Amino acid sequence: MTAGTPSAPLPASPLPPEIVPAAPPPAPLARDVAPAEQAVRRARRWKPAEFLFWTVALVAPLVLPRSMLLMNEIAILALFALSLDLILGYAGIVSLGHAAFLGVGAYAAGLFALNVNADPLAGLLVAMLTASALGFLSSFLVLRGTDLTRLMVTLGVALLVFEAANSWRSLTGGADGLQGIAMDPVLGLFDFDLKGRTAYLYSLAVLFLLFLAARRMMGSPFGLSLRAIRDNRLRASASGVGVNGRLVVVYTLAAAYAGAAGALLAQTTQFVSLDVLEFHRSADLMLVLIIGGTGWLYGGLIGAVLFELFQDAVAAATPQYWQFWVGLLLVVFVSGGREAVHKAGAALRRKIAGLKIAGLFGGRRP
Amino acid sequence: MLTILFDGVAYGMLLFILASGLAVTLGLMNFVNLAHGSFAMAGGYVTVVLMQRYGMGFLATLPVAFLMPALIGAVLERTLYRPLYDKSHLDQVLFSIGLVFMSVAAVDYFMGSQQQLVHVPSWLQGRFDIAGTGIGRYRSFVIGVCIVVAVLLQFVLARTRFGSQLRAAVDDQRVARGLGIEVGLLFTLTFAVGSGLAGLGGALGAEMLGLDPTFPLKFMIYFLIVVTVGGRAGLIGPFIAALLIGIVDVAGKYYVPEAGAFLIYALMIVVLLFRPQGLFAVAR
Amino acid sequence: MSAPVLETLDLVKRFGGLLATNSVSFTLERGARHALIGPNGAGKTTFVNQLTGVLKPSGGAIRLEGRDVTHSRPEARVRLGMSRTFQINQLFRTMTPLEMLLLVLGEREGRGLHLWSRLDARADLVREAAAIAERFRLDDVIGETIATLSYGKQRQLEIAAAFAARPKVLLLDEPAAGVPEAERQDLLNIVSELPAEVSVLLIEHDMDLVFRFATRITVLVNGTVIAEGEPAAIAADPTVRAAYLGGESGDA
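If you check an unreviewed UniProt entry, chain C appears there as ABC transporter ATP-binding protein from Ancylobacter oerskovii.

Taking an unreviewed UniProt entry as the reference, chain B is identified by name as Branched-chain amino acid ABC transporter permease belonging to Ancylobacter oerskovii. In its Subcellular location (unreviewed entry) section, UniProt records this for chain B: "Cell membrane". Per UniProt, chain B carries the Sequence similarities (unreviewed entry) text "Belongs to the binding-protein-dependent transport system permease family. LivHM subfamily."

Below, the structure written as C-alpha cells:
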C-alpha cells in the first residue's frame, strides 16, 4: 500500500473504528511512525457503507412516497436513540429515564410554537436548550453510585418530570396535552404537508447534522476520554481524565439531542401529550439500542429502522398488544438472542462487505 | 387525622408484603426483578377469577393467590431467571421489564383492561369507631394478616435452618455448595415464596389499590423504593420503609393532592444519593 | 541534593479498627530508584492508593514537588506529575494501545475537553505515541484491541501508559507480577531503561527485581516502616530478616 493514498481497498466495515484492522504495512522501520498516523486517519474516514446508508435514507421518499410518516417516526426515534448511545454506548452511563429529555424537549418546542414563535428551527433550538438545562442539572445525580442506583435515579427523575407535567395543567394541558400546534414553513420555504414529506426531510436533515456533530465529537479527544471512562473509570482518572466533568458534559449533550428529537416529534405531529414522558418510551429506547448495538453511533439508527418496521407490521394487526412483542423481544434478546444476532450480523457483514442493508436484515433473524 | 395515619399504616403493611419478595431477591440474591409486580398482579387476578367464575369466597382464594404465583415464579426461576443471575443489572432490568410488558399485554388480552372489583365479605366491610376515629374493618384485617406474615418471614430468615442456609448461600455460593447446601433449590424456593407473597399482597390489595393490567408498571417504582430506602441487608429496614412510605404517601395525597407522587420519588432520589445502601442499612 | 520530589508526613490510614498506614513519613528523592517492599498485607498498595488519590488518608500530608496534594483529585495529581501502574491490569480493553496512549497524551496536553478537535490534529502527539509504543516494545501490536493482547504485552502497556503522562514520579505497583518467563526479560529491560530523570518508586514482591533495580529500599510491615536504606544494608538488617524475609535469603 502506498503511503498517502487515501482510499485503499479496505473491507468496508460498519464496525466501530477501533475494530478496523490496524496498520497493514509490513516491516515497520525504526522511527517509522507513518503507520500510527495512517491508523488514526483511517479510523475517522467515512466508510462506503456509511455513504450508502445516508443515500438510502435520502432517496427513500422517492421509492416509498406513501410511507413518509413512518419514515419521519424512524428518523425521530433514531435521533432519540443516538442520544442514548452517547451516554450508554460511549460513556457507559445506564439510564431508564431518557424519556424525560424527549418529553421536556417536546413540551418546550410545543409551548414555544404556541406562545412565542412558530418557526421550527427556533423551536428546535429552544427545545435543545431547555432539555440540556435539565440534563445539566440531573447529570450530577448520575455521577456517583452503581449501575443499579443510576437506573433507579434516572427512572425517578423521569417519573418526577412526568408527575410535574401531569400536575401543571395550566402549562402543559395535563392529560389533554398541547393541541393545535401550527408550524411555520421550515426556513420560511417548506410548508409541512399532510403526506409528511417536509416532515421527513426536515427530521432527516436535523438527524444528519446532529449525527455528523456526534461523529466528530465521539472521534475527538473528548470522545476518546468517554470511552476511557466506560472501559475503566479507575484508569481513566489515573490517566488524568477528570471523570465527573466529562460525564456532566456528555449527559448535557445527550439531553440536548433527546430534546431535539422531542422538538421534531412535537413539530411534525403538531401535538404533545403526556405520552412523550411515559416510561415505555425509555424502555423501548433500550430495546432499539439493544437491537442495533451500542457504541458505534449507527446502532441507534439501525435499531430505530428495525423497531419501527417491526412495530408497523405487528401493530397493524393488534395495536393494543404491541407491548407484548416489545417485552418478548427484550426477554429474547437479553436471554441470549443478542449475541446470536450480533454474531450473525457480523458474519453477514463480512460476507457482503459494504452492503449495509444485508447486515440490516441479518440483524432480524433470531 | 388518625384515620389517615391508620390508612397509611395499612397501606404500608400491604406494600411490605408486596415488596418483601423483592427485598429478598434484590437484597439477598442481588437480582433486580422489576417484574415483581407481575406476580402480585397474578395473585390479584387469581382471586378475581376464582370469585367471579367459580363463586369461591374471598378468604378461600387467598391460599391459591399465594400458590399460583409461587408456582409460576418457581418455573420462571428455573427456566429464564437463573441464567441471568451473573449478568449485569442492566440486563436483568431489561429482561424483567420485558416480562412486565408481556404480562401487562397478556392480562389485557385475556381479562380486558377494565378495573377489577373484588367484593370482600360483608363482615369485613364498613368501619368501626374507636374514640371517634373511623377504623376500616378491611384495613384492620389487612394489617393483621401482614403482621402475621412479617413475623413469620423474619422468623424464617433469622431463626431457621432455611434462613441460615440462604444467608450462607448468598454470602458465598461456592462455600455454601461445599457445605452441601443445595444452592439452586434454595434460590428457587426463595424466589417462589417471594413471588407467592407478592401474589398474596396483590389479592389482599386489589380492594385498596385497585387492579387492572397496568398494575405491575404502576407499582414497580413503589416496590423499588421500599427496598432501596429500606436497605438491602434484611427485612426490618424494608418493613420500616414500607410503613413510612405508606404513611407519607397517604398523607401526601390527602393534604397536598396536587403534588401527586412527587414526595415519594423525591425521597427515593435523595436517599439513593446520600445513603445508597438505604436509610436503615447496617454497614456490612 | 535538591528537595524531594515526593514526600509523606505522618501519613495515617485507618479502616475501622485496622491501622493500614501507621504514621508513615517517606521521602522520594529526585531521580530515585526506590523500592517499597513488604509482605502481603503490609499496606503497600494502600499506601500507593493514598499517594495517587484513590484513597483519602485519615491523617498526615502528601507533598508533590513541595505542593500539598493530600486532598487533590487523582487526575489533578497526574497533571502535577505523578502517575502510576496497577498491580492488576487496569486498561481500556476495547481500545488499541495507540488509542490508549493518545488518550494519555491528549489529557496531558489538556485536550480532553476539545469536543471538536480531531484525534490527529496534533501530529506530534501521534508521533510521540508511536515512539512510546516502540520504546515499550508495543509497536507490533499498536493497532490491536487491548483485550486480545498477551498478558506480558498488557503489562508493558500498563507502564507505557503511565510513562506517556510524562511523570516526574512514576509509581510501579508490582510491574512484573504474573508475567510468564518468556515475556519477563522484555519487561525487566523496560523497567531498567526508564529515563534517569524520572523518579521511580517500585512496589514489589520479587526480590530479584528489587535488588537488581533499586538503589534504596523501604520496608513496610503492618503499615509501619521498619527499615530504610541501601540494598546491602537492608539485606543484612536483622529486623528486616526477622520480620519480613523470614528464612529466605535476601538475594534469592
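**Student:** Sorry if this is basic, but what is going on with the overall build of chain B here?
**Tutor:** Secondary structure assignment for chain B yields 11 helices and two strands. For 284 residues, the compact-globule estimate of 2.2 N^0.38 gives 19 Å, and chain B sits close to it at 19 Å. When burial is assessed residue by residue, chain B has 57% of its 284 residues classed as buried. Here the contacts in chain B between residues at least 6 apart in sequence split such that 77% fall between residues at least 24 apart. Roughly 12000 Å² of accessible area belongs to chain B as shown, and the carbon and sulfur atoms make up 67% of that amount. Taken together, the 17 basic and 13 acidic charged side chains of chain B have centroids lying 7 Å from each other.

**Student:** What am I meant to see in the sheet that holds strand E4 (residues 59-64) of chain C here?
**Tutor:** The pairing of strands in a sheet happens through backbone hydrogen bonds and is either parallel or antiparallel. All names here are of chain C. Strand order in the open sheet formed by four strands is E2-E1-E4-E5, and the pairing between neighbours is antiparallel. Only two strands of the sheet have a single neighbouring strand rather than two, namely strand E2 (18-28) and strand E5 (67-68). Where strand E1 (residues 6-15) meets E4, five bridges bridge the pair, whose relative direction is antiparallel. When the sheet's bridge partners are listed, Leu6 is paired in E4 with Leu64. Lying over the sheet, helix H1 (residues 44-52) contacts E1, E2 and E4, oriented at roughly 120° with respect to E1.

**Student:** Would you mind showing me how to read the interface of chain A and chain B here?
**Tutor:** Many descriptions give the size of an interface as the accessible area lost when the pieces come together. Every contact between the two is made by 37 residues of chain A and, on the other side, 39 residues of chain B. Taken together, the two surfaces of chain A and chain B that pack against each other cover about 3200 Å², and 82% of this comes from carbon and sulfur. Run the count over chain A and chain B and you get zero salt bridges. Linking chain A with chain B are two residue pairs in polar contact (both at pLDDT 80 or more), by the criterion used here. Within the residue set of the side of chain A that touches chain B, elements represented by two or more residues are helix H6 (147-167), helix H12 (279-292) and helix H14 (322-351) of chain A.

**Student:** Can you walk me through the interface of chain C and chain A in this structure?
**Tutor:** In this complex, chain C contributes 45 residues to the contact, which on the side of chain A involves 38 residues. In total, about 3800 Å² of surface goes out of reach between chain C and chain A, with carbon and sulfur atoms giving 61% of it. Summed over the three residues of chain C that lose the most area to chain A, namely Phe92, Leu115 and Trp116 of chain C, the buried surface amounts to 16% of that side. Glu99 of chain C is the partner of Arg227 of chain A in a salt bridge, and the nearest nitrogen-oxygen pair spans 3.2 Å. Linking chain C with chain A are 15 residue pairs in polar contact (both at pLDDT 80 or more), by the criterion used here. When residues of the side of chain C that touches chain A are traced back to their parent elements, those giving at least two are helix H2 (74-80), helix H3 (97-108), helix H4 (123-135) and helix H5 (151-164) of chain C.

**Student:** Whenever I open this one, the side chain of Thr188 of chain B confuses me. Can you help?
**Tutor:** Residues and elements named next belong to chain B. Locating Thr188 in the fold gives a position in helix H8 (residues 183-209). Classification of Thr188 by relative accessible area gives buried; the value is 7%. Engagement of the side chain of Thr188 in a polar contact is seen with the side chain of Glu77, the distance being 2.8 Å.

**Student:** Help me understand unusual backbone geometry in this model?
**Tutor:** Apart from glycine, the bulk of residues carry a negative phi angle, and the bulk of peptide bonds sit in the trans form. A positive phi angle is found at Glu65 of chain C, which is not glycine, with a value near 50°. The topology assignment puts Glu65 of chain C in the loop between E4 and E5.

**Student:** What is the right way to read the confidence of the model for chain C from this model?
**Tutor:** Detailed reading of the predicted coordinates is not advisable wherever pLDDT is low. For chain C, per-residue confidence averages 91 on the pLDDT scale, and 96% of positions sit at 70 or higher. Note that pLDDT drops below 50 for residues 247-252 of chain C; the model gives that stretch seven contacts with residues more than four away or on any other chain.

**Student:** How should I be thinking about the arrangement of the chains in this particular structure?
**Tutor:** Considering every one of the two pairs of chains in contact, the largest contact total is recorded for chains A and C. These two, chain B and chain C, are apart from each other, with no contact and a minimum C-alpha gap of 11 Å.

**Student:** Can you help me understand helix H11 (residues 262-274) of chain B in this one?
**Tutor:** Counting along an α-helix, one turn takes 3.6 residues, and residues three or four places apart therefore face a common direction. Helix length check: H11 of chain B, at 13 residues, gives a terminal C-alpha distance of 18 Å against a target of 18 Å (1.5 Å per residue), a fit within 8%. Among all positions in H11 of chain B, only Ile264, Tyr265, Met268, Ile269, Val271, Leu272 and Leu273 of chain B are buried. Where H11 of chain B is buried, its residues touch H6 of chain A together with helix H9 (215-230) and helix H10 (236-255) of chain B.

**Student:** Got a minute to help me understand the pattern of salt bridges in this structure?
**Tutor:** Any two side chains of opposite charge can pair if their charged atoms end up close together. Residues and elements named next belong to chain C. Evaluated as defined, the whole model comprises 29 salt bridges over all chains. In this structure, Arg184 engages Asp206 in a salt bridge whose closest nitrogen and oxygen atoms are separated by 2.6 Å. Note that Arg184 is positioned in helix H6 (residues 181-192) and Asp206 in the loop between strand E8 (199-203) and helix H7 (207-213), a separation of 22 residues in sequence. For the pair Arg184 and Asp206, a shared accessibility class is recorded, and that class is buried.

The rules we used
Residues numbered from 1 in each chain as written. Chains lettered and ligands numbered in written order. Predicted model: local features only at pLDDT ≥ 70, side-chain atom pairs only at ≥ 80, totals over all residues. Heavy atoms only, no water. UniProt positions renumbered as here; feature names shortened; annotations may be inferred. Helix = DSSP H or I, 4+ residues; strand = E, 2+ residues; numbered from the N terminus. Rg over C-alpha atoms; globule rule 2.2 N^0.38 Å. Buried < 20%, exposed > 50% of the residue type's maximum accessible area, 1.4 Å probe, protein only. Contact = heavy atoms within 4.5 Å. Areas by Shrake-Rupley, 256 points an atom, 1.4 Å probe, with all protein chains shown as cover. Lys, Arg positive; Asp, Glu negative; His and termini not counted. Charge placed at Lys NZ, Arg CZ, Asp CG, Glu CD. Pairing = 2+ DSSP bridges. Axes fitted to C-alpha atoms, helices over the stretch in contact; angles between N-to-C directions. Buried area = accessible area lost by both parts, 1.4 Å probe. Salt bridge = Lys/Arg side-chain N within 4 Å of Asp/Glu carboxyl O. Polar contact = N/O pair within 3.5 Å; in protein donor to acceptor, adjacent residues only side chain to side chain. pLDDT = per-residue confidence, 0-100. Expected span 1.5 Å × (residues − 1).

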